[in-house]
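# Understanding the architecture of this molecule
If you want the building blocks of each chain, they are given just below.
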Amino acid sequence: MRYQNATAYRFLTPYLLIFAIFWVWPIISSFMISFQATRTVPWRFAPTFNWGRLIGDPAFFNALKNTLLILVIQVPVMISLAIVMAVLLNSPLLKVRGLYRFAFFAPVVVGEVAYSAVFRLMFNLDFGIINKLLASVGLAKIDWFSNVTPAMALIMIAVTWRWAGYNAIILLAGLQSIPEDVYEAATLDRVSKVKQFFYITLPLLKPVIVFCAVLSIIGTMQLFTEPFLITERGGPGGGTETLGLLLYRQGFRSLNFGYASAVAYTMAGLAIAITLVQLWLTREPK
Amino acid sequence: MSSLSQRRLGRSVLLHLFLTPLAVIWLFPLWMMVVFSTMPDNGIFSPGIELLPHGNFVDNFNNLQRDTNFVGAIGISVAVAVTYTFFSVLLTSMAGWALARYQFFGKGAVVAIILGTITLPYAVVLIPQFIMVARDFQLANTWVALIVPPLFNSLGVLFMRQAFSMMPHDLFDAARVEGVKEWRIFLFVALPLARPMLAALAIILFLASWNNYLWPLLINSQPGAMTAPVALGTLIGLTKVSWGGIMAGAVMLTVPMLVVFVLLQRHFIAGIAAGAVK
Amino acid sequence: MAAVTLTNVLKRFGSYEIIHGANIDIADGEFVVFVGPSGCGKSTLLRMIAGLEDISGGEIAIASKVMNDVEPAERGIAMVFQSYALYPHMSVEQNLSFGLRMTGNPKQDTERRVKRASEILRISELMARRPKQLSGGQRQRVAIGRAIVREPQVFLFDEPLSNLDAELRVQMRVEISRLHKELGTTMIYVTHDQTEAMTLADRIVVLRGGHVEQIGRPLDLYDNPDNQFVAGFVGSPKMNFIKGRVVGRNTRSVTVELVGEEKTRIMQPLAGAVPETGAKVIVGVRPEHFGNGGEGDADLTVGIDVVEHLGGTSFIYARTAHGEDLVIQRDAAKVPDTSEITVSIRKSYLFDENGQRLR
């Protein structure tokens, strides 16, 4: 192959230009902004102004706690559910496969605003269909929006509904790349279906599972729309406020860019740590 | 009946017994969206259980249009999504082509950077992007603001690089020996051969733009410049608003995408699955 | 039409050298075949002539013009690829005309060239079809047609027949030979198949591990190989190699005894240096150069393992008392029904320990 620097960069330039302007510069810029006091004009350099405030801010720790809580509960539940969906959708015994696929994959195309609105109505205290159904089987109504625990549960349910199918699509593709003869060999060796799942499917699927988990964690970490629209700006009383919402409030409601940038970099730090864990989990055995 | 096929039948029944309720639960919110969109507000907020559509969709749509100029917002959304998809497909396939076809100085670094951004939270660039577009470029409430900043897309480039590297390179060398310029090889040989992959990419990008919420919420907040999700979002949480109208809007945002999904399921799934399976 | 000259051509990937200074002169109108086992560098060399690979050192000239830094399209060459490289989304006609259309060639001239190529290759009825709708042989013709349309000074073929089945391969071989006669253009052809090389070439370039082992006309390589590799590569089934030892010498000749077969002695006249008594040598005998016992220089009795009857001729797979495998070619009628056979060595080649020919 010949080196063709000029030709290659002619094809790359538009893309790299967008990248430089809208990614490279902002990454540097938000790092610098996080060290500036931005509520005075002109902004001035004050290295401990935002970061100092961050480590003493109960609102930040509340948002961090909520985000991590959602992450620790919702991601494993959703990934497990997605694995179950993928494995069952892949079963040769399944009839009307297209219908089931439609049911689980359809939420992928639904916008955040549209489904947030539906969930608000469905979980309404007095007139929501969920509480009506609970009542019809003799259970007590749940006040999804005024108490913290049900509100958090609602956010997790909503996010799981929206993204489980998305992960199932990726996992299904991973399943279909496992050669059929591995299972045939195991069946001849009298390995039961359940054992096949734990000793063949899961290990072979591990890289894909880890990939899904990392994408989901990074997505959940930036969770914004659901607590913004479903639980009404992180309500009740900040009970569902996430880092994404805190960033929005600080950056775009209070126009406190410096502090918001510090929050953003905290999220980036978490993301980098999680990515490193992923690389470690999927490293090639020596 | 042999015991083997009996066991298979048993397993099959069990499978459907488990999966069917799950599928019903998963379809339920979408079904309710349609049902709500056809009910008057006093029906939505009534004690009875209503699970079947009524006939009030048009009324609800009129209520929505009274609350906000939803038709105008849909127009903006369509125009922006179409333009964005065109340019994004062009940019990402050009970059993917360069990475698949040429040896050049700095290639390793470019690939490493693209991979690195996959796991970087968008939040990190959000604030400076906003300051730059709104304050420095004075482009708030324009289509450019909605289209240009999201053009950077790392999974798309990796997807197209993969698509082009799987093609036999002899095809491109053959054209090159014939004196065909590289950009013409790209345009007339590589792109036509990549049609299925381009379709998958275009669908995913269109959907991303169509449903995008946070960036348009921040940058195009003026009533006449809002996209449809933003316009609809402003109504959620208002006290005097028609919920039937909001549901009609949700249906208008969702149902066309569901139709596209059903028609182009193969491309859709290929586009999403490509993220993980190399 | 043009001559092609390679002078000390080198190819390096990083610090790894894969072509070690090739010197090849190809005359105007000649049909030259590069042949060698896979990984010998023959395809790389061809792609360097085409301009698809950089030249790390030395010079490549076409029609006396140095081409090292000239774009492929400006070199006056056309190339036929192993995979055919037909554009799957274009008809045969569009495939043939694509390059000319894209480079702004006048429309009438393009049409004339496409028509001529399709007539030469008899593919006029296929012009509207897509590559998918063609058989392997037809695709091959279209790929060659695309090269003809360029009206090049030099045709380059990169293993063009390796994707065809055996019968079509023979047919297309004849076709390519005919094409060369008809056009009279210089052709450079890469293959790993020595039969293709022998039947097509005016001259053959044998390559191994990035070195040119020998250049010569097919029968020269067969009759007079420079070394053990070329001797073994040219001819089918391949030449037998038997270990031997020098037992007698004078200034003009040498007497060699086969190891383990003391009574089998071969005397050969040598024009060059004569090896010392006791030196180890290798005796090469082609399967077709074994005669009946008593008819040649030296007799050898071997045990028969297997006999393959191909109709007119038969191949006897045999083993010497010392345990070396031999292939012996015989008329079918003359294969004995015994477990042993005595043959004579009618013609043999001597190689020194390093595989260089002694002559």
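Predicted model, so just to flag it, every value in this text is computed and none were measured.

## Comments concerning the overall build of chain B
Assigned secondary structure in chain B consists of 15 helices and zero strands. For 278 residues, the compact-globule estimate of 2.2 N^0.38 gives 19 Å, and chain B exceeds it by more than 25% at 24 Å. C-alpha atoms of chain B, sized along the principal axes, occupy 75 × 75 × 35 Å. In chain B, buried positions account for 48% of the 278 residues. Sequence separation of at least 24 residues holds for 73% of the intrachain contacts in chain B that already meet a minimum separation of 6.

## Digging into unusual backbone geometry
In this structure, Pro237(C) follows Ser236(C) across a cis peptide bond, with omega equal to -10°. Tracing the sequence through the fold places Pro237(C) in the loop between helix H8 (228-233) and strand E11 (240-249). In the Ramachandran plot, Glu232(A) falls in the positive-phi region, its phi being about 60° despite a non-glycine side chain. Within the secondary structure, Glu232(A) is located in the loop between helix H10 (225-229) and helix H11 (243-253).

## Let's talk about the UniProt feature "transmembrane region" (unreviewed entry) in chain B
Residue and element names in this part refer to chain B. Under the local residue numbering, the UniProt record ascribes the feature "transmembrane region" (unreviewed entry) to residues 12-32, 70-97, 109-131, 143-164, 185-208 and 241-264. Along residues 143-164 the backbone is 73% helical and 0% strand, and the end-to-end C-alpha distance reaches 31 Å. The span residues 241-264 is 88% helical and 0% strand by assignment, and the distance between its end C-alpha atoms comes to 36 Å.

## Here we look at the interface of chain B and chain A
Chain B puts 71 residues into the contact, and the matching count from chain A is 79 residues. Element by element, the count of residues in the side of chain B that touches chain A is highest for helix H1 (residues 3-37) of chain B, at 13 residues. Partitioning the side of chain B that touches chain A into residue classes produces 56 nonpolar, twelve polar and three charged.

## Let's talk about the environment of Leu9(B)
All names here are of chain B. Residue placement: Leu 9 occurs in helix H1. For Leu 9, a count of 12 C-beta atoms within 10 Å translates into the label exposed. The sequence separation of Leu 9 and Met 166 amounts to 157 residues, and the corresponding C-alpha distance is 41 Å.

## Topic: the sheet that holds strand E10 (residues 211-216) of chain C
Residue and element names in this part refer to chain C. With mixed pairing, six strands are arranged side by side in an open sheet as E6-E7-E8-E3-E9-E10. With one partner strand each, in any of the chains shown, strand E6 (77-80) and E10 form the two edges of the open sheet. Adjacent strand axes in the sheet meet at a mean angle of 15°, parallel and antiparallel pairs treated alike. In the sheet, E6 pairs with strand E7 (residues 154-158) via four bridges, with the strands oriented parallel.

## Focus: the domain arrangement of chain C
Residues and elements named next belong to chain C. By the assigned domains, chain C splits into domain 1 (4-233) and domain 2 (240-358). Once you take the C-alpha centre of each, domain 1 and domain 2 turn out to be 38 Å apart. The interface is formed by six residues belonging to domain 1 together with eight residues belonging to domain 2.

## As for the nonpolar core
Side chains of a nonpolar character, in soluble globular proteins, are inclined to be buried together. Formed by 273 residues in total, the largest nonpolar core has its most connected members in Ala264(A), Leu156(C) and Ile188(C). Examining the composition of this core, we find that 15 residues originate from one element, helix H7 (residues 148-176) of chain A, more than from any other.

## Thoughts on the pairing of strand E16 (residues 298-309) of chain C
All names here are of chain C. The pairing of E16 with strand E19 (residues 340-345) spans six bridges and is antiparallel. Bridge pairing in E19 links Leu 300 to Val 343. Relative to strand E17 (residues 313-319), E16 is paired through six bridges, and the arrangement is antiparallel. Note on E17: the bridge partner recorded for Val 307 is Ile 316.

## Points about the sheet that holds strand E5 (residues 65-66) of chain C
Strand pairing in a sheet relies on backbone hydrogen bonds, with the paired strands running either antiparallel or parallel. Ordered in space as E2-E1-E4-E5 (chain C), the four strands form an open sheet in which the pairing is antiparallel. Of all the strands in the sheet, the pair left with one neighbour each is strand E2 (16-26) and E5 of chain C.

## Remarks on helix H11 (residues 195-211) of chain B
Residues and elements named next belong to chain B. Taking 1.5 Å per residue as the helical rise, H11 with its 17 residues ought to reach 24 Å, and the 24 Å between its terminal C-alpha atoms agrees with that figure. When you tally the buried positions in H11, you get twelve out of 17 residues, the bulk of the element. Those residues of H11 that sit buried are Met 197, Leu 198, Ala 200, Leu 201, Ile 203, Ile 204, Leu 205, Phe 206, Leu 207, Ser 209, Trp 210 and Asn 211.

## So, the domain arrangement of chain B
Along its sequence, chain B is organised into domain 1 (3-57) and domain 2 (68-235). Placing a centre on the C-alpha atoms of domain 1 of chain B and another on those of domain 2 of chain B gives a separation of 36 Å.

## Structural notes on the environment of Arg120(A)
If you trace the backbone, Arg120(A) turns up in helix H5 (residues 112-122). Note on Arg120(A): 22 C-beta atoms within 10 Å, which makes it buried. As for Arg120(A) and Leu247(A), which are separated by 127 residues in sequence, their C-alpha atoms are 23 Å apart. Not counting residues up to four positions away in its chain, the partners in contact with Arg120(A) are Ile230(A) and Ile236(B).

## Overview of the UniProt feature "domain: ABC transmembrane type-1" (unreviewed entry) in chain B
Here the UniProt-annotated "domain: ABC transmembrane type-1" (unreviewed entry) positions come out as residues 74-264 of chain B. Note that residues 74-264 of chain B is 75% helix and 0% strand, and that its end C-alpha atoms are spaced 22 Å apart.

Conventions we followed
Residues numbered from 1 in each chain as written. Chains lettered and ligands numbered in written order. Predicted model: local features only at pLDDT ≥ 70, side-chain atom pairs only at ≥ 80, totals over all residues. Helix = DSSP H or I, 4+ residues; strand = E, 2+ residues; numbered from the N terminus. Rg over C-alpha atoms; globule rule 2.2 N^0.38 Å. Buried ≥ 20, exposed ≤ 12 C-beta atoms within 10 Å, placed from the backbone. Contact = placed C-beta atoms within 7 Å. UniProt positions renumbered as here; feature names shortened; annotations may be inferred. Nonpolar A, V, L, I, M, F, W, Y, C, P; charged D, E, K, R; others polar. Pairing = 2+ DSSP bridges. Axes fitted to C-alpha atoms, helices over the stretch in contact; angles between N-to-C directions. Domains from an automatic or database assignment. Core = buried A, V, L, I, M, F, W, Y, C linked by C-beta atoms within 7 Å. Expected span 1.5 Å × (residues − 1).

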